[in-house]
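# Secondary and tertiary structure notes
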Amino acid sequence: MTASIENEPKVVKRFLTYLSPFKLPFFIAILGMLGYAGIDAFVISQLQPMIDVGLKDTSSDFLRIAALAIVPLFIIRGLFNFMGSYTLSWISSQVVMKMRQQLFDKYIHLPVEFHDHQSAGTLISKVTFDTEQVANAAGKAFLILIREGAFVIFLIVVMFSKSWQLSVIFLLIGPIVGIIVSVVSTRFRKISKAIQKAMGSLTTGVEQVVKGHKVVLMFGGQKIESDKFRDTNNNNRQQTMKLATTQILSVSTIQVIASIALAFVLYLASTPSMLNELTAGVFIAVLISMIALLKPLKQITTVNNEFQKGMAACASIFELLDKDIEVDIGKNELNRAQGNLEFKDVTFTYPSKSKPALRNVSFDINAGQTVALVGRSGSGKSTLSSLLTRFYQPQSGEILIDGVALNEVTLTSLRKQFALVSQQVILFNDTIANNIAYGCTDKVTREQIMQAAAAAHVSEFVAQQENGFDTIIGENGVTLSGGQRQRIAIARAILADSPILILDEATSALDTESEKLIQHALEELQKSRTNIVIAHRLSTIENADLILVIEQGEVVERGTHNELVVKDGMYAQLHKMQFSQG
């Protein structure tokens, strides 16, 4: 939902705060636009003396002066136009750059819960499409609104100065034009919101297909995706046509009203009393002024479309900028934790769910211990790691690190205590070296990166790359195999050297050979820290100090491997199942 119609003045007022730092450039721009419009109006105003004096009275001096003045006048007009157009373009680019930066900064500080419920395509559309609408409002819309608006006012002044009798009609049609613009503005804003929503859907559709193109090809989903995109694309087209229809009808209506005014002037000029008073120059000047009014009136109505789209985009952007970022009430800076963890009767339910993901979970992990979490998919194992890193907050219970509640520790220092290696490896479109060193606040040397890479057996496949550690690996490491990506993630964790290590199915993407290669590296890595291992392959956690069996959000069994096998419960059943399949 974007801002309602009632909030429009607040949106405009807030948008103007983005322009307030540019008061001097904006003054220069307004000066340029007023100068441009003023010269055009001045030229039209000189039609009357040119005809009445220069032609009728055959004054060659006046025409000679006009001939000498016209070129310098239009040079000055061009300079004024450059002042207005360039300066406004510069201001709009500054505003859009600031908005995009604010949106990006907001995205990276919003809680995980927000991103879990938002499509990436919609968020990208706000940074690209919505901000472009704001650019048009801050640049093109203001340019036309001020320049053409000033031109209309100057022309009306010229007309009244020449003949108020012929010009008085504008006192009647002005309010009518104002009412039309007001009604059309509301409709423009409403349709613009629908277009922004449709553009978000379009971006999402393209993004999903591009990212999942292998699945689309493999399962023959081309027609399904094409039909879905056609519906979304057609909806966007329909909204655009509604906008175009409203714009065309409003422009046509205003031009018809202007033509009525022109007809009134022609009729009034034909009356005997006016014929006796009017000179040819006055009549031509008023007539040309009225004709010249048609174009700026059309542009002002058209630019209202751009301005309303910009304000609708602003409302959408401001709504997101007003979202609450991650709450960090922690005051304690944790330098390096010993690694003691404690869950006290923790219950947690995801915001969009009614059934708890974890229910009354309690256990202790001593510094240096390796604790394995096992259970069926969806039992709540990965939720535990999300709570440890405070991606989510439990509704009840408490989690402690070295005897201190997680909420009392600052987010930044808390997350430095954890290194996470997940089954879903996230890599960036950067070099292998930069991906390994990602997030290291302390400057790391090339040698340290290579040591971490060697420990995780990354060096073996890096040697085959043309540019070695400086090889760009593409979005999310698209040029690498699953096992290679996983090894880079492990090297990143080794380099981070955090006191607590979370391995979430860390070897799930590896083939047997790769798994054997890095299993030793993981064992070495685990020696000097507290380890939480979320495992599917039970063979990898047989030496764990403690195994917790999670089922439907509860700890149903706990003990060592041997203890749980002897107990012949759920763990023993899972163990038998895996080894009988193996």
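Residues numbered from 1 in each chain as written. Predicted model: local features only at pLDDT ≥ 70, side-chain atom pairs only at ≥ 80, totals over all residues. Heavy atoms only, no water.

## Some remarks on a nonpolar patch on the surface
Rules: Here a patch means residues that are over 30% exposed by relative accessible area and free of salt bridges, tied together within 9 Å if like-charged and within 5 Å if nonpolar (Val, Leu, Ile, Met, Phe, Trp, Tyr). All accessibility values rest on the Shrake-Rupley procedure with a 1.4 Å probe; residue burial counts only the protein chains present in the view. A pair is scored as a salt bridge if a Lys or Arg side-chain nitrogen falls within 4 Å of a carboxyl oxygen belonging to Asp or Glu. Put simply, DSSP marks the helices as runs of H or I at least four residues long and the strands as runs of E at least two long, and each gets a number from the N terminus on.
A cluster of nonpolar side chains, contributed by Ile70, Val71, Phe74, Ile75 and Leu79, occupies part of the molecular surface with about 460 Å² of accessible area. Its place among the elements puts Phe74 in helix α4 (residues 60–107).

## A short note on the environment of Ala66
Stated precisely, the cut-off is as follows: Only protein chains enter the area calculation, which uses a 1.4 Å probe; residues under 20% of their type maximum are buried, those over 50% are exposed, and those in between are partly exposed.
Relative to the helices and strands, Ala66 is located in helix α4. Note on Ala66: relative accessible area 25%, which makes it partly exposed. In this structure, the C-alpha to C-alpha distance between Ala66 and Met50, residues 16 residues apart in sequence, is 8.3 Å.

## A short note on the sheet that holds strand β8 (residues 530–534)
Where we set the bar: Note: two strands are recorded as paired if DSSP finds a minimum of 2 bridges between them. Where helices are involved, their axes are fitted lines through C-alpha atoms of the stretch in contact, as for all axes, and angles between N-to-C directions lie from 0 to 180°. Contacts are assigned to residue pairs that have any heavy atoms within 4.5 Å of one another.
What the six strands build is an open sheet, ordered β6-β7-β8-β3-β9-β10; its pairing is mixed. A strand with exactly one partner marks an edge of an open sheet, and here the two such strands are β6 (418–422) and β10 (554–559). Between one strand and the next, the sheet's axes are offset by a mean angle of 15 degrees, whatever the strand orientation. Bridge analysis of strand β7 (residues 500–504) against β8 gives five bridges, and the strand direction is parallel. Following the sheet pairing, Ile500 is matched in β8 by Thr530. The sheet contacts of helix α13 (residues 381–388) involve β3 (370–374), β6, β7, β8 and β9 (546–551), and relative to β8 the element is tilted by about 145 degrees. Each of β6 and β7 touches helix α18 (residues 482–496); the most contacted strand, β6, lies at about 175 degrees to it.

## A word on the side chain of Thr389
So the rule is basically this: Contacts described as polar in this section are N or O atom pairs within 3.5 Å, which, within protein, must combine one atom able to donate a hydrogen with one able to accept it, while residues neighboring in sequence count only if both atoms come from side chains.
As for its position among the elements, Thr389 is in the loop between α13 and β4 (396–401). A polar side-chain atom of Thr389 sits 3.4 Å from the main-chain carbonyl oxygen of Ser386. If sequence neighbours within four positions are ignored, Thr389 has contacts with Leu414, Arg415, Phe418 and Ile502.

## What to know about the pairing of β9
Within β9, five of the six residues are buried, which leaves it mostly tucked inside the rest of the structure. Here β3 pairs with β9 via four bridges, running parallel. Pairing of Leu373 across the sheet is with Leu548, part of β9. Where β9 and β10 come together, five bridges link them in antiparallel fashion. Of the residues in β10, the one forming a bridge with Ile547 is Gly559. Between β9 and β10, which pair antiparallel and follow one another directly, the connecting turn spans two residues, one of which, Gln552, has a positive phi of 50 degrees.

## Notes on the nonpolar core
Here is the rule: Remark: nonpolar core denotes a set of buried residues (Ala, Val, Leu, Ile, Met, Phe, Trp, Tyr, Cys) joined through side-chain atoms within 4.5 Å.
Core analysis: the biggest nonpolar cluster contains 42 residues, and Ile432, Ile436, Val458, Ile488, Ile541, Ile547 and Tyr571 have the highest contact counts within it. Broken down by element, this core gets its largest block of residues, seven residues, from α18. With residues up to four places along the chain from it excluded, the contact list for Ile541 reads Ala372, Val374, Val533, Ala535, Ile547 and Tyr571. Ranked by size, the runner-up nonpolar core spans 35 residues in total, among them Phe22, Leu103, Leu143 and Cys314.

## Section: the packing of helix α2 (residues 23–45) against helix α6 (residues 120–162)
Defined as follows: Handedness of each helix crossing follows the sense of rotation of the near helix against the far helix: counterclockwise by less than a right angle gives left-handed, clockwise gives right-handed. The classification used treats Ala, Val, Leu, Ile, Met, Phe, Trp, Tyr, Cys and Pro as nonpolar, Asp, Glu, Lys and Arg as charged, and all other residues, Gly among them, as polar.
Relative to each other, α2 and α6 sit at 35 degrees, their axes nearing to 8 Å. Crossing angle aside, the handedness with which α2 passes α6 is right-handed. Contacts between α2 and α6 involve Phe26, Ile30, Met33, Leu34, Tyr36, Ala37, Gly38, Asp40, Ala41, Ile44 and Ser45 from the first element and Phe142, Leu143, Ile146, Arg147, Ala150, Phe151, Phe154, Leu155, Val158 and Lys162 from the second. The class makeup of the residues in the contact of α2 with α6 is 16 nonpolar, two polar and three charged.

## Here we look at unusual backbone geometry
Working note: non-glycine residues mostly have negative phi, and peptide bonds are mostly trans. Phi is positive for Asp497, close to 50 degrees, though the residue is something other than glycine. The residue Asp497 is located in the loop between α18 and β7 in this model. Looking at Asp497, the relative accessible area reads 38%, which means it is partly exposed. Located in the positive-phi region is Gln552, a residue other than glycine, with phi close to 50 degrees.

## A short note on the environment of Ile195
In this structure, Ile195 sits in helix α8 (residues 170–211). Separated by 44 residues in sequence, Ile195 and Gln239 have C-alpha atoms that sit 5.9 Å apart. With residues up to four places along the chain from it excluded, the contact list for Ile195 reads Phe129, Asn236, Gln239, Thr240 and Leu243.

## Some remarks on α6
Quick reminder of the rule: Helices are assigned an expected span. That span is 1.5 Å times one less than the residue count. To get the bend at any residue, fit one axis to the seven residues that end at it and another to the seven that begin at it, then take the angle between the two axes.
Along its 43 residues, α6 runs 60 Å from first to last C-alpha, staying within 8% of the 63 Å computed at 1.5 Å per residue. Its axis deflected by about 40 degrees at Lys126, α6 carries its strongest bend there.

## Some thoughts on the sheet that holds strand β2 (residues 358–365)
A sheet is described by the order of its strands in space; here four strands give the open sequence β2-β1-β4-β5, paired in antiparallel fashion. Looking at strand neighbours, the two that pair on one side only are β2 and β5 (404–405), the edges of this open sheet. With five bridges connecting them, strand β1 (residues 341–348) and β2 associate as antiparallel partners. Bridge pairing in β2 links Leu341 to Ile365.

## Focus: the UniProt feature "transmembrane region" (unreviewed entry) in the protein chain
What counts, and what does not: UniProt positions are given in the numbering used here, feature names are shortened, and annotations may be inferred rather than shown by experiment.
When the UniProt feature table is mapped onto this chain, "transmembrane region" (unreviewed entry) is found at residues 24–45, 65–91, 141–160, 166–188, 248–269 and 275–294. End-to-end, the C-alpha atoms of residues 24–45 are 31 Å apart, and along that stretch the chain is 100% helix and 0% strand. Along residues 65–91 one finds 100% helix and 0% strand; the C-alpha atoms at either end are 39 Å apart.

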